[in-house]
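Residue strings, one per chain:
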Amino acid sequence: MIVLGIESSCDETGIAIYDTEKGLLSHALYSQVALHAEYGGVVPELASRDHIRRIVPLLEQAFEKASLVPADIDAIAYTQGPGLAGALLVGSSVASGLGLALGKPLIGVHHLEGHLLSPLLAKNPPVFPFVALLVSGGHTQLMKVAGVGCYELLGETLDDAAGEAFDKSAKLLGLAYPGGPEISKLAEKGRPGIFQLPRPMLHSGDLNFSFSGLKTAVLTTLKREGGASDEQAKADIARAFVDALVDVLATKCAAALRQTKLRQLVVAGGVGANRQLRETLDNMAVKKRFSVFYPELEFCTDNGAMIAFAGAMRLKHNPDAAHPDYGFTVRPRWPLEELAAG
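Everything numeric here is computed off the predicted structure, so don't read it as measured data.

1. Some remarks on the overall build of the protein chain
When you go through the protein chain residue by residue, the secondary structure sums to 10 helices and 10 strands. Here the C-alpha atoms of the protein chain give a radius of gyration of 20 Å, agreeing with the 20 Å that 2.2 N^0.38 yields for 342 residues. C-alpha atoms of the protein chain, sized along the principal axes, occupy 65 × 45 × 30 Å. Burial statistics for the protein chain: of 342 residues in total, 54% are counted as buried. Once local pairs closer than 6 in sequence are excluded, the contacts in the protein chain between residues at least 24 apart make up 73%. About 14,500 Å² of surface is accessible on the protein chain, with carbon and sulfur atoms providing 53% of the total. When the 32 basic and 37 acidic side-chain charges of the protein chain are each reduced to a single mean position, those positions are 7 Å apart.

2. Overview of the domain arrangement of the protein chain
By the assigned domains, the protein chain splits into domain 1 (2-117 + 301-338) and domain 2 (126-294). One C-alpha centre belongs to domain 1, the other to domain 2, and the line joining them spans 28 Å. Listed by partner, the interface residues are 18 residues for domain 1 and 17 residues for domain 2. With both sides pooled, the region where domain 1 packs onto domain 2 buries about 1,500 Å², and carbon together with sulfur makes up 74% of that total. On inspection of domain 1 and its partner domain 2, the count reaches one residue pair in polar contact (both at pLDDT 80 or more). If you list the elements that add at least two residues to the side of domain 1 that touches domain 2, you get helix H1 (33-37), helix H4 (111-117) and helix H10 (304-317).

3. Focus: the sheet that holds strand S1 (residues 2-7)
Ordered by their spatial adjacency, five strands build an open sheet running S3-S2-S1-S4-S5, and the pairing between neighbours is mixed. At either end of the open sheet lies a strand with only one pairing partner, and these are strand S3 (23-31) and strand S5 (106-110). Sheet twist, expressed as the mean angle between neighbouring strand axes with direction ignored, is 20 degrees. Here S1 runs beside strand S2 (residues 12-19); their pairing, made up of six bridges, is antiparallel. By the bridge assignment for S2, Ile 2 is matched with Asp 19.

4. Side note on the pairing of S1
Taken across its six residues, S1 has six buried, putting it largely inside the fold. What you see with S1 is no split at all: Ile 2, Leu 4 and Ile 6 on one side and Val 3, Gly 5 and Glu 7 on the other are buried throughout. The hairpin turn running from S1 into S2, its antiparallel successor, is four residues long. Relative to strand S4 (residues 75-81), S1 runs parallel, the two sharing four bridges. Looking across to S4, one finds that Gly 5 is bridged to Ala 77.

5. Topic: the environment of Gly 40
Considering the arrangement of structural elements, one finds Gly 40 in the loop between H1 and helix H2 (44-66). For the pair formed by Gly 40 and Gly 179, sequence separation is 139 residues and the distance between their alpha carbons is 9.0 Å.

6. Thoughts on the packing of aromatic side chains
All told, the structure shown has four aromatic pairs when counted by the stated rule. Positioned over the ring face of Tyr 30 is Arg 54, at 4.0 Å from the centre of the ring.

Cut-offs and rules
- Residues numbered from 1 in each chain as written.
- Predicted model: local features only at pLDDT ≥ 70, side-chain atom pairs only at ≥ 80, totals over all residues.
- Heavy atoms only, no water.
- Helix = DSSP H or I, 4+ residues; strand = E, 2+ residues; numbered from the N terminus.
- Rg over C-alpha atoms; globule rule 2.2 N^0.38 Å.
- Buried < 20%, exposed > 50% of the residue type's maximum accessible area, 1.4 Å probe, protein only.
- Contact = heavy atoms within 4.5 Å.
- Areas by Shrake-Rupley, 256 points an atom, 1.4 Å probe, with all protein chains shown as cover.
- Lys, Arg positive; Asp, Glu negative; His and termini not counted.
- Charge placed at Lys NZ, Arg CZ, Asp CG, Glu CD.
- Domains from an automatic or database assignment.
- Buried area = accessible area lost by both parts, 1.4 Å probe.
- Polar contact = N/O pair within 3.5 Å; in protein donor to acceptor, adjacent residues only side chain to side chain.
- Pairing = 2+ DSSP bridges.
- Axes fitted to C-alpha atoms, helices over the stretch in contact; angles between N-to-C directions.
- Phe/Tyr/Trp six-rings, centres within 6.5 Å; stacked < 30°, edge-to-face > 60°.
- Lys NZ or Arg CZ within 6 Å of the ring centre and 35° of its normal.

Have a look at this one:
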């Protein structure tokens, strides 16, 4: 079965073609980072307009890479939600138009399910069941994943997501958007232990997170140090921030593995590309004797490959999951726990 995947939930336009027998045949991606950098964050209207500009050329590119024509595909998977409503509508309308023109069925994919399953695209994939840390700009959740569609929420952030805390703290430090990679890069120049920032909910006894207080602590520390003019002080604060956030994420992951008695941890989402987080989890895995899996770096951020793959897995488990209804709908708010296995 050959599945076309379309991702347009936020600020990346992704197209991919996945074959259940041969694997990933092609993927094409366009990031809007440069477009939104001027505004310090994603502007929904601009994101939607850019998806419209990019999606058809990316479709042509993906089909050319795969040496296929649109008639060769068996189904079309598209991100139905969650995400920005206008951006989602671009992808769903293109999927519906293609499906109607080609007579191919559609399957709406949950964006977070795409992230959860993306490590299965790697050369050394995990096997079910496993604990998943879904960590991005909009979500920080710990899930028990028993199979496709079988997700149990173990804990989540009560306020800011980890990626959001990265971006907001980076902005306080005067760094460019997107802030996550910038603050991590600056932290490498920082000295450990110069500043001590809180580890919110580290000993809460549950698997929930809270990062808004950590961001506030960065602001308070900056004010105490007289602003962001001293480069070494900025680097030291960045180091303290990254150390605190990574410590919380890693500790909660270890607690989730103990609670579920599982020995596999999957890390998915944009923050999963963070070098400090990967190093900490890799070291912890050796000490505590569990295995940790990440998507390939190119699949950490939003992409069409994860949507094509998730759609293919859905269809493999339930061929009737695809539908011929081309009256496209989107779900900007869509809790992952609502997904059924079928």
